[in-house]
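Reading the structure
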Amino acid sequence: MAGRDETPGTTGSRGSRLLGCVALASLGVLGVLAFVLTGPDVRIHPTTGEEFGQFDAVRMLYLHVPMAILMYASFLLCAVASVGVLVKRTPWWDVMAHSTAEVGTVLCGLVLVTGSIWGRPVWNTWWEWGDVRLMTTLVLFLLFAGYLALRGTTSDPRRQERQAAVVALVAVLDIPLVNRSVEWWENRTLHQRSTLEELKIEDLTLFTLMFGFLTFGLVVWWLTLQRFRVGWLERAAIDHAVGSAIAERRSETSAVELDAAIGVSDDPAGEESP
Amino acid sequence: MTDDAGSEPPSLDLTPRPARPAAGNRRGAIALLLLLVGGIIFVLLRTLGDASLFFYDVAEAVDLRSDLGDSRFRVVGTPQPGLLVTELDGASAVVFTLCADDVLADVVHLGDPAELFQAGVPVVLQGAWTAGRPPDMAGLPDAAGDGWYLRTDHMVVKHDNDYRSDGAELEPCGAGG
Amino acid sequence: MTHLGYLVAGWGISLVVLGGYALRLVRRGRSLSAEVPEDRRRWLESPGTDRD
């Protein structure tokens, strides 16, 4: 490509590399906390006196719940950025909206998969049609997958940005339904009510869950940062390619031809309005 | 695109055009979009259109017994101590009493129960009312014995939201409802 | 440890997907970065790519 920069490309900065290293180290510590230091969920039933609980399957808690909360955060950020797209109409907001939507969709897919894997031993089912939390989460995933698909459908980028922003703002309305479904439709879901709101978690289990939030927060921050840079670079690459093409053609074309081509004339009546 | 009023027609159009996805990609994206819209509609119909996905508690299921007839429905409750493993129509079955808000219903669950199934831990069962006495009912310590039992074939465990080592706020009966 | 297979599957799939996604982003970023002048690679340093 004309005007190609031959220096080795990188999207990283010292800050983002440090963030990536901290996130990786944090994942390692989370693994130790989740699999070595915390115990299984085994309790004594007050009536039967028998052991009950989720046993070792509880270790999915430290993975599934933080990803779910960060999925909400990503989609809410996408909604904020989409408002920015509609109001400010600058690329920064659009790249941010696209990035957070993509990261959120990846997380949403993983939340569905890990939830299914967790549900098999604990609930005795991979999937329950009709469970409102599962259904609303699946709809959220499909809506944002649709958002991402929409970004490839039109040839006019500005129109596409605005359409996508509207879709994101509609899609994000599903988040309160996902989050509150266990309270609003308790008899239509296998999901239990919020553990954290009722603070039915303590000691190392609580600490590990909080550490999970921190760890996946760092991971998602890093991913969003990288995705944002890719999005920014995609735009910069297009603009740079167009600029290079114009420069090339300009060098091949005489000044008179060029002025005629872009509509510049000595005649003031022929000037283009800005 | 260019406004050439007052000058000669341009021989060269240098107006930058917006980047556009390749036609093949665009068609693929539109197809994917349609597929996703179809998926959302399917999910909504699947969820909203099936009344059997609603969980009745035991008291509601007993109250609505004549209305429910032989239709399948879901019921949530807590199995009482005393789980009997037996056979019914040549298939393995578990017989127990389900309870919520102090209302009891006898259950015959066909097939393997859930891995974490045990007395005192709420379950959601899917099945229908059947007139008669469940097999081996005499062995049930808290049998409802009302001439009906729930014949179920789908069981999921509805675990609590407690992760404390001594957290067991499950009530003897009614935790599931 | 009970339910080991489920734990390996759940954690494994998540780490592989997130790792694969991260790798894809880094590779895509590097490839695009080589097409763009150094001063326009990062939004903080870029004069802007506003098409409006």
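Residues numbered from 1 in each chain as written. Chains lettered and ligands numbered in written order. Predicted model: local features only at pLDDT ≥ 70, side-chain atom pairs only at ≥ 80, totals over all residues.

**Concerning the overall build of chain B**
Broken down by element type, chain B carries 3 helices and 7 strands. Evaluated residue by residue, chain B yields a buried proportion of 35% over its 177 residues. (Helix = DSSP H or I, 4+ residues; strand = E, 2+ residues; numbered from the N terminus. Buried ≥ 20, exposed ≤ 12 C-beta atoms within 10 Å, placed from the backbone.)

**So, the overall build of chain A**
On a plain count of helices and strands, chain A comes out with 8 helices and 2 strands. By residue count, 46% of the 274 residues in chain A fall in the buried class. For chain A, restricting intrachain contacts to residue pairs at least 6 apart in sequence, the fraction spanning at least 24 positions comes to 75%. (Contact = placed C-beta atoms within 7 Å.)

**Comments concerning helix α3 (residues 91-123) of chain A**
Here α3(A) contains 33 residues, and its C-alpha end-to-end distance of 45 Å stays within 8% of the 48 Å for a straight helix at 1.5 Å per residue. Within α3(A), 27 of the 33 residues are buried, which leaves the element mostly enclosed by the surrounding structure. (Expected span 1.5 Å × (residues − 1).)

**Some thoughts on the interface of chain A and chain C**
Taken together, the contact pairs 41 residues of chain A with 36 residues of chain C. At 14 residues, helix α7 (residues 203-252) of chain A tops the list of elements feeding residues into the side of chain A that touches chain C. Across the side of chain A that touches chain C, the residue classes break down as 22 nonpolar, 8 polar and 11 charged. (Nonpolar A, V, L, I, M, F, W, Y, C, P; charged D, E, K, R; others polar.)

**Some words on the environment of Val87(A)**
Here Val87(A) shows up in helix α2 (residues 61-87). When the C-alpha atoms of Val87(A) and Arg162(A) are compared, they prove to be 9.9 Å apart, with 75 residues separating the residues in sequence.

**Details of the nonpolar core**
Ala97(A), Phe144(A), Ala168(A) and Val75(B) are the most contacted members of the largest nonpolar core, which has 114 residues in total. Once residues lying within four places of it in the same chain are set aside, the contact partners of Val75(B) are Phe55(B), Tyr56(B), Val58(B), Ala61(B), Leu98(B), Leu125(B) and Leu150(B). (Core = buried A, V, L, I, M, F, W, Y, C linked by C-beta atoms within 7 Å.)

**A short note on the pairing of strand β2 (residues 51-55) of chain A**
Residues and elements named next belong to chain A. One ladder, built from 3 bridges, connects strand β1 (residues 41-44) with β2; its direction is antiparallel. If you follow Asp41 over to β2, its bridge partner there is Phe55. Between the end of β1 and the start of β2, which pair antiparallel, lie 6 residues, with Gly49 showing a positive phi angle near 75 degrees. (Pairing = 2+ DSSP bridges.)

**Describing the domain arrangement of chain B**
We note that the domain assignment places domain 1 (19-49) and domain 2 (52-157) within chain B. When each unit is reduced to the centre of its C-alpha atoms, the spacing between domain 1 of chain B and domain 2 of chain B is 42 Å. (Domains from an automatic or database assignment.)

**What to know about the confidence of the model for chain A**
Residue and element names in this part refer to chain A. Here chain A averages 86 in pLDDT, and 89% of its residues register 70 or above. Averaged pLDDT values for the elements of chain A fall to 67 in helix α8 (residues 255-261) and rise to 97 in α2. When the criterion is pLDDT under 50, residues 1-7 qualifies, and its contacts beyond four places in sequence or with other chains add up to 14 contacts. Note that pLDDT drops below 50 for residues 268-274; the model gives that stretch 9 contacts with residues more than four away or on any other chain. (pLDDT = per-residue confidence, 0-100.)

**A few points about the environment of Thr205(A)**
Position of Thr205(A) relative to the elements: it lies in helix α7. Judged by the 21 C-beta atoms lying within 10 Å of it, Thr205(A) is buried. C-alpha of Thr205(A) to C-alpha of Trp232(A): the two residues are 27 residues apart in sequence and 40 Å apart in space. Residues contacting Thr205(A), with those up to four places away along its chain left out, are Thr38(A) and Tyr163(B).

**Focus on the pairing of strand β5 (residues 103-110) of chain B**
All names here are of chain B. Summarising burial for β5: 6 of the 8 residues are buried, a large majority. Sheet topology places strand β4 (residues 91-100) next to β5; 8 bridges connect them, and they run antiparallel. In the strand pairing of β5, Thr97 is matched with Asp106. Where β4 folds back onto β5 in an antiparallel hairpin, the turn is made up of 2 residues, including Asp101, whose phi is positive at roughly 50 degrees. Alignment of β5 against strand β7 (residues 148-157), held across 4 bridges, turns out to be parallel.

**Some thoughts on the confidence of the model for chain B**
Residues and elements named next belong to chain B. For chain B, mean pLDDT is 80; residues scoring 70 or higher make up 77% of the total. Low pLDDT, under 50, characterises residues 1-7; the stretch is placed with 22 contacts to residues that sit more than four places away or in other chains. Reported confidence for the predicted complex is 0.84 by ipTM and 0.83 by pTM.

**Regarding the packing of α3(A) against α7(A)**
All names here are of chain A. It is the contact of α3 with α7, at a shortest axis distance of 8 Å, that shows an interaxial angle of 135 degrees. With respect to α7, the axis of α3 lies oblique. By crossing handedness, the relation of α3 to α7 is classed as right-handed. Where α3 approaches α7, its residues Pro91, Val95, Met96, His98, Ser99, Thr100, Glu102 and Val103 are matched on the opposing element by Val220, Leu223, Thr224, Arg227, Phe228, Gly231, Trp232 and Arg235. Taken together, the residues that form the contact of α3 with α7 break down as 8 nonpolar, 5 polar and 3 charged. (Axes fitted to C-alpha atoms, helices over the stretch in contact; angles between N-to-C directions. Parallel < 35°, antiparallel > 145°, perpendicular 65-115°, else oblique. Left-handed = near helix turned anticlockwise from the far one by under 90°.)

**Remarks on the packing of α3(A) against helix α1 (residues 4-33) of chain C**
A pair of packed helices is captured by two measures, namely the crossing angle of their axes and the spacing between those axes. The N-to-C vectors of α3(A) and α1(C) enclose an angle of 170 degrees; their axes lie 9 Å apart at closest approach. With respect to each other, α3(A) and α1(C) are oriented roughly antiparallel. Side by side, α3(A) and α1(C) meet where Val106(A), Leu110(A), Val113(A), Thr114(A), Ile117(A), Trp118(A), Arg120(A) and Pro121(A) of the first sit next to Tyr6(C), Ala9(C), Gly10(C), Ile13(C), Ser14(C), Val17(C) and Tyr21(C) of the second. A breakdown of the residues in the contact of α3(A) with α1(C) according to their chemical character gives 11 nonpolar, 3 polar and 1 charged.

**So, unusual backbone geometry**
Residues and elements named next belong to chain A. Positive phi, normally seen in glycine, also occurs at Arg89, with a value near 55 degrees. Of note, Arg89 is situated in the loop between α2 and α3. Here the phi dihedral of Asn124 falls at roughly 85 degrees; this positive angle occurs in a residue that is not glycine. In this structure, Asn124 sits in the loop between α3 and α4 (132-150).

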